[in-house]
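# Topology and contacts: notes
Here's the letter readout for the chains.
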Amino acid sequence: MWEFSYDKPVYIQIIDELKIRMISGVYKPGERIPSVRELAEEARVNPNTMQKALSELEREGFLVSLRTSGRIVTADESIIRTLKDNSAENAVREFGETMGRIGVSPEDAIELLRKYYCEKNKTNEG
């Protein structure tokens, strides 16, 4: 589900979503992604906006353009692994900074994470 906010340009949010889809395995290395038109329709954005996002992902090396068959996710799994590691580190850094600003100790922050994952697993199982 595509949800856009007003805090940054839509094409940047599209890039972020597509990166999440790549690191989570929705789009696997070497796999063809939907066309510009299909993705634009799904996201309910102008095809030019989607094209801008895809071109940027191509420039960054996450996507490879094939002359006649659209785009595929890079087959270089190390690029995807690095993206995933960097994304996780950024999320942890943000979480840690937020917890520090509101006065939550590292031990309590870790416990909150543990509790979150336990509850999430229960929800996903049942």
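Below is a short write-up of the structure. (Residues numbered from 1 in each chain as written. Predicted model: local features only at pLDDT ≥ 70, side-chain atom pairs only at ≥ 80, totals over all residues. Heavy atoms only, no water.)

### Description of the environment of aspartate 7
Of note, aspartate 7 is situated in the segment before α1 (10–23). For the pair aspartate 7 and leucine 18, spaced 11 residues apart in the sequence, the C-alpha separation amounts to 18 Å. At 2.3 Å, the side chain of aspartate 7 forms a polar contact with the side chain of serine 5. (Helix = DSSP H or I, 4+ residues; strand = E, 2+ residues; numbered from the N terminus. Polar contact = N/O pair within 3.5 Å; in protein donor to acceptor, adjacent residues only side chain to side chain.)

### Focus: the nonpolar core
Burial of nonpolar side chains together is a common tendency in soluble globular proteins. Counting 22 residues, the largest nonpolar core has Leu18, Met22, Leu39, Met50, Leu54 and Leu57 as the members making the most contacts within it. Among the elements of the structure, α1, α2 (36–43), α3 (47–59) and α4 (77–101) are those that each provide at least two residues to this core. A total of 5 residues in this core trace back to one element, the largest contributor, which is α1. For leucine 57, the contacting residues outside a window of four places in its chain are Ile15, Leu18, Lys19, Met22, Phe62 and Leu63. (Core = buried A, V, L, I, M, F, W, Y, C linked by side-chain atoms within 4.5 Å. Buried < 20%, exposed > 50% of the residue type's maximum accessible area, 1.4 Å probe, protein only. Contact = heavy atoms within 4.5 Å.)

### Topic: the side chain of glutamine 13
Relative to the elements of secondary structure, glutamine 13 occurs in helix α1. Dropping the residues within four chain positions of it, glutamine 13 is found in contact with Glu3, Phe4, Ser5 and Lys8.

None of the figures reported here should be taken as evidence of function without further support.
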